[in-house]
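Below are the chains, spelled out letter by letter.
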Amino acid sequence: MSIPAALNELVAALTEHAEVMSGEEVAPQRAVDVIERVRAAAARYSDATFESSGWGSPFSDLFDGEEQVEDTEENEFGDGSVPGDAERISITGRWDFVVTDQEAWFAHVAQGLDALGAGDCAVELNSAAQAMHELLAHDAPFHSYTRHGLADGGQDWVIEQIPKTLSEASDEEHRA
C-alpha cells in the first residue's frame, strides 16, 4: 500500500471515529469497532511509511510518557512512590522474529487475545508487528515475577518491521 493510500484510509478512519464519538450515547461495540479501525489504519500507515522510507512508526512512542504515569499510579506502591531503599533494575534487549506463516501467527494472537479478554482487538490484524503489539499491550509478560518481590516500575517498548533480523545483519549494520 502506498503512503498516500494509507493516509487516506487513516483520515477516513479518524473521521468515522470522530463522528461516532461525537454522539451522546455510543454503543460499546460501536466504539470498539471505530477505535480498532483507527488502530488498524494507523498500523497500515506505519507499515507503508516503513516500506517506502525505512523509517519506523510515527506513533510508536506517542503516548509513552502518559502511559508510564498511569502505570506508575496503578502499581503496587499505590501512590506512585517507590521506597528509597528499593533496588531498581532495567532490562534492555532486542528480539527479532521472522513470520513464516502469517495466518498461523494471526490465529495464535487472536486466541491469546481472546484468552486475555481482548478478543475484539483481533478484529483487523493487518501486520505481524501490529499483531505482536496487540498481544503485548494486553498481556503482562513479566507479571508472574511480581509474586516474587518485583513491582512493575513502568514499560517502554517499541515493535516495528525491520529490513533485516539480527542474524541477517552484518556486524557493521549492528553498530549502525
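Residues numbered from 1 in each chain as written. Predicted model: local features only at pLDDT ≥ 70, side-chain atom pairs only at ≥ 80, totals over all residues. Heavy atoms only, no water.

Student: Residue-level account of helix H4 (residues 102-115), with values.
Tutor: Counted at 1.5 Å a residue, the expected span for H4 with its 14 residues is 20 Å, and the 20 Å between its end C-alpha atoms agrees. Buried residues of H4: Trp105, Phe106, Val109, Gly112 and Leu113, and no others. When H4 is viewed along its axis, its buried side chains cluster within an angular range of 125° and face the same direction. For H4, the exposed residues lying more than 90 degrees away from the buried face are Glu103, Gln111, Asp114 and Ala115. (Helix = DSSP H or I, 4+ residues; strand = E, 2+ residues; numbered from the N terminus. Expected span 1.5 Å × (residues − 1). Buried < 20%, exposed > 50% of the residue type's maximum accessible area, 1.4 Å probe, protein only. Arc of directions from axis to C-beta.)

Student: Run through the side chain of Thr49, naming residues and quoting values.
Tutor: Here Thr49 shows up in helix H2 (residues 28-53). In this view, Thr49 contacts Ile3, Gly54 and Trp55; residues no more than four positions away in its chain are not counted. (Contact = heavy atoms within 4.5 Å.)

Student: A description of the nonpolar core should follow, citing residues and the corresponding values.
Tutor: Formed by Trp105, Phe106, Val109, Leu113, Ala118, Cys121, Ala122, Leu125, Ala128, Ala131 and Leu135, the largest nonpolar core amounts to 11 residues. Elements supplying a minimum of two residues to this core: H4 and helix H5 (128-138). Broken down by element, the residue count for this core peaks at four residues, all from H4. Of all hydrophobic cores here, the second largest spans eight residues; its members include Ala13, Val38, Ala41 and Ala42. (Core = buried A, V, L, I, M, F, W, Y, C linked by side-chain atoms within 4.5 Å.)

Student: So what about the confidence of the model for the chain? Which residues, and what values?
Tutor: Of all residues in the chain, 86% have pLDDT values of 70 or greater, and the mean over the chain is 79. The lowest-confidence element of the chain is helix H3 (residues 64-73), averaging 41 in pLDDT; the highest-confidence one is helix H1 (residues 3-21), averaging 92. When the criterion is pLDDT under 50, residues 64-75 qualifies, and its contacts beyond four places in sequence or with other chains add up to six contacts. (pLDDT = per-residue confidence, 0-100.)

Student: Summarise a nonpolar patch on the surface; cite the residues concerned and give the values.
Tutor: A cluster of nonpolar side chains, namely Ile89, Ile91, Trp95, Phe97, Phe142, Tyr145 and Leu150, defines an oily patch on the protein surface of about 880 Å² accessible area. Judged by relative accessible area, which is 62%, Ile91 ranks as exposed. (Patch = residues over 30% accessible without salt bridge, like charges linked within 9 Å, V, L, I, M, F, W, Y side chains within 5 Å. Areas by Shrake-Rupley, 256 points an atom, 1.4 Å probe, with all protein chains shown as cover. Salt bridge = Lys/Arg side-chain N within 4 Å of Asp/Glu carboxyl O.)

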